[in-house]
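Read off the chains here:
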Amino acid sequence: MNIYFTIVNSIFIFSALNKNPQMKKIILASIVSISLFSCANKQQKETAKSLTDMNPKFDRYKEQFIEDLWKVYPGWASSQGYHKYDSVLIVPTDDSRAKELAFSKSNLDSLKTYDLNSLSDNNKTDYYMIENQLKSIDWAINEQKSFEWNPSEYNVSGAFAEMLNGNYDSLDIRLRNFYLKMANIPAYYEAAKKNIKNPTLEHTQLAIEQNLGGISVFEKDFHEALNKVHFGEHEKQAMEATAKESVKAIKEFADWLKKLNNLTPRSFRLGKELYAKKFEFDIQSGYSIDQIYEKAITHKKELHEKMFFLADKLWTKYFGNTQKPTDKLLLIRQVIDKISEKHVKPEEFQTAIEQQMPVLIDFIKKKDLIYIDPSKPLVVRKEPDYMAGVAGASISAPGPYDKNGNTYYNVGSLSGWDKEKAESYLREYNHYILQILNIHEAIPGHYTQLVYSNQSPSLIKSLFGNNAMIEGWAVYTERMMLENGYGNDEDEMWLMYYKWNLRSTCNTILDYSVHTKDMSKQDAMNLLMNEAFQQKTEAEGKWRRVSVTQVQLCCYFTGYTEIYDFREELKKQMGDKFQLKTFHEKFLSYGSAPVKYIKELMLNEIGADKK
Ligand code: ZN
Ligand code: ZN
């Protein structure tokens, strides 16, 4: 299952994503094929024909590439629903890293034998994405070297928990693989100890917490699962014994970290050079990080001005003749706080979300914004127990190998929450923000994008899907819906939207400033609380997140900015020929490729069309 988060409280998931930043897509039934630039397509095909058609050969290469990828990264394979190597746990030694490097090098060589001009758009983008992935392997091992300074990269419990929770195979088979895979756990942690050098204090602390937090998988969950199967006593005993060894290895690792004589810990701040490179690999933006940072700073100013204008206008409606605060930011905050009081009751939270879906679909149809495939409805459900406390709302999509799985909109239940906590949560996800959240997560945000990505079924894009494109699209649709009159142009809706948008904008400013400009915690808290109007707990959580992740917080704003800028550029170029619906459908038809490549391909087609 792949999960698309918006509200996330758990650091656990971040580091899991951080290791595999590639968000993945599913292959559902393919839907209407859209050939909007048909004339251009024909011309392109003719050009391609005059060269040798390398597409069939490249398709075969991709298949082999993925088979080989799974041999080098069996854990990643399992997480994607490819279960051939479920019993394998790679021990992270120099040897295993040498294998990764050899894999990267030989495949970069293979790529060079293909002429990009002879490939289809789908294969071109796949080519770029494979190339980026391979180069990033090399960079991560030789330059970034987080296997030395980030002890939280070593944690086995998530993968093992997935084996217990997944329904892809009978419990017997899953437990036997679990058992076989456990055999390498002691060696795994021994290798980890050898790798770690002057780790950051933040990642050390995180590693201790997460590893100890995951022990219950081996101590409790595995044991309970064993009681459900009918293995022989002898086999069961062997399994229980190995689980004990595993627990011991994990505890020893945590102890070792606690006692580590770390006199010169590395700073958790990544530094300018590594950060710029990581941004290149993870985001694959057409802008540099410096450009994005400048854009975020400017955007923040614009948002503040727009927010002040609206808050000032709304003041009398909510506060009557009470004197306005002279400080602009304070005035905005007071109006926001007041408007946030409009929210659903805790027990109505899930129903409210469910009822929103048809409203969003109707609006999109009425305004002709994008085609929505009615044959694959989104299932809204209470979030499963094992996700509890992780995300307030998220989309789970089946991985590329389980094609028939449902796509779920997981909604956290507020039952059992104390009154104060529920109230604060509901104020955050108030009447207005809840609608924006639904746009983002579901329609026409993540869910719609998922359905469209199946138009160009590509395992490569399912596996290496560009996170900035995926999140950028969801953030883009929030504004696009409002621009088209969603929410009746209500001042309150726009004000709340700006606050929401300010969050991703400030995430970018925060991430870049902390990792490359030495921003202090105090300045960070000031940015988040006073300039982005966040509550203290949210800001504290963000500080924690930025101190253990890098670049990931930038993907929302970067992707959004690229898509929005591209649309505006295209509008100018095409004049009255520009159609929003056409733009959206065409844009999504390339799958989850980096925006810069989609842009390049779309501009090529339009250029060809003009000739
Ligand atoms: Zn999202
Ligand atoms: Zn209330």
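Residues numbered from 1 in each chain as written. Chains lettered and ligands numbered in written order. Predicted model: local features only at pLDDT ≥ 70, side-chain atom pairs only at ≥ 80, totals over all residues. Heavy atoms only, no water.

A.B. asks: Sorry, what's going on with the packing of helix H17 (residues 349-367) against helix H19 (residues 431-441) here?
C.D. replies: To describe two helices that pack against each other, one gives the angle between their axes and the distance between the axes. Taken N-terminus to C-terminus, the directions of H17 and H19 make an angle of 60°; their axes are 10 Å apart at the nearest point. Overall, the two elements H17 and H19 adopt an arrangement that is oblique. As for how H17 packs across H19, the hand of that crossing is right-handed. For the pair H17 and H19, the contacting residues are Phe-349, Ala-352, Ile-353, Gln-356, Met-357 and Leu-360 in the first and Leu-434, Gln-435, Asn-438 and Ile-439 in the second. Class assignment for the residues of the contact of H17 with H19 results in 7 nonpolar, 3 polar and no charged. (Axes fitted to C-alpha atoms, helices over the stretch in contact; angles between N-to-C directions. Helix = DSSP H or I, 4+ residues; strand = E, 2+ residues; numbered from the N terminus. Parallel < 35°, antiparallel > 145°, perpendicular 65-115°, else oblique. Left-handed = near helix turned anticlockwise from the far one by under 90°. Contact = heavy atoms within 4.5 Å. Nonpolar A, V, L, I, M, F, W, Y, C, P; charged D, E, K, R; others polar.)

A.B. asks: Could you clarify how one ought to interpret the coordination of the zinc ion (ligand 2) in this entry?
C.D. replies: In ideal tetrahedral geometry, four donors around a metal make angles of 109.5 degrees, whereas ideal octahedral geometry with six donors gives angles of 90 or 180 degrees. Donor atoms from the polypeptide that coordinate the zinc ion (ligand 2) comprise His-343 (NE2), Glu-423 (OE) and Glu-423 (OE), at 2.1 to 2.6 Å from the metal. Pair noted here: His-343 is in the loop between helix H16 (328-339) and H17 and Glu-423 is in helix H18 (residues 419-428), with a separation of 80 residues, a long-range link. (Donors = N, O, S within 2.8 Å, 3.2 Å for Na, K, Ca; no water.)

A.B. asks: Could you clarify how one ought to interpret the packing of aromatic side chains in this entry?
C.D. replies: The geometry of an aromatic ring pair is captured by two quantities: the separation of the ring centres and the angle between the planes. This model, assessed by the stated rule, comprises 44 aromatic pairs. Taking 4.1 Å as the distance between ring centres and 10° as the angle between the ring planes, the aromatic pair formed by Tyr-128 and Tyr-597 counts as stacked. A residue pair is termed long-range when its members are at least 10 positions apart, and Tyr-128 in helix H6 (residues 121-144) and Tyr-597 in helix H28 (residues 595-610) qualify at 469 residues. Each member of the pair, Tyr-128 together with Tyr-597, is buried. Directly above the ring of Tyr-168 sits Arg-174, whose terminal nitrogen or CZ lies 6.0 Å from the centroid. In this structure, Lys-328 is placed above the aromatic ring of Phe-308, and the distance from its NZ or CZ to the ring centre is 4.7 Å. (Phe/Tyr/Trp six-rings, centres within 6.5 Å; stacked < 30°, edge-to-face > 60°. Buried < 20%, exposed > 50% of the residue type's maximum accessible area, 1.4 Å probe, protein only. Lys NZ or Arg CZ within 6 Å of the ring centre and 35° of its normal.)

A.B. asks: Where do I start with the coordination of the zinc ion (ligand 1) in this structure?
C.D. replies: The protein atoms that coordinate the zinc ion (ligand 1) are His-440 (NE2), His-446 (NE2) and Glu-471 (OE), at distances spanning 2.1 Å. We note that the donor set of the zinc ion (ligand 1) lies within a single chain, spaced as H-x5-H-x24-E. With His-440 in helix H19 and Glu-471 in helix H22 (residues 467-483), this residue pair connects regions lying 31 residues apart in the sequence. Like His-440, the residue Glu-471 is buried in the burial classification.

A.B. asks: What is the right way to look at the packing of helix H15 (residues 289-319) against H16 in this model?
C.D. replies: Two elements in contact, H15 and H16, have axes separated by 8 Å at closest approach and are oriented at 55°. Comparing their axes, H16 and H15 come out oblique. Seen from above, H15 lies across H16 with left-handed handedness. Contacts between H15 and H16 pair His-304, Met-307, Phe-308, Ala-311, Asp-312, Leu-314, Trp-315, Tyr-318 and Phe-319 from the former with Lys-328, Leu-329, Leu-331, Ile-332, Gln-334, Val-335, Ile-336, Lys-338 and Ile-339 from the latter. Grouping the amino acids of the contact of H15 with H16 by side-chain chemistry returns 13 nonpolar, 2 polar and 3 charged.

A.B. asks: I'm lost on the pairing of strand E4 (residues 408-411) in this one. Help?
C.D. replies: Residues in a regular strand project their side chains so that they alternate between the two faces of the sheet. With burial as the criterion, each face of E4 is covered, one bearing Tyr-408 and Asn-410 and the other bearing Tyr-409 and Val-411. Bridging between strand E2 (residues 379-382) and E4 involves 4 bridges; their strand directions are parallel. Looking at E4, one finds that Lys-382 is bridged to Val-411. Relative to E4, strand E3 (residues 393-397) is paired through 4 bridges, and the arrangement is antiparallel. Paired with Ala-393 across the bridge in E4 is Val-411. (Pairing = 2+ DSSP bridges.)

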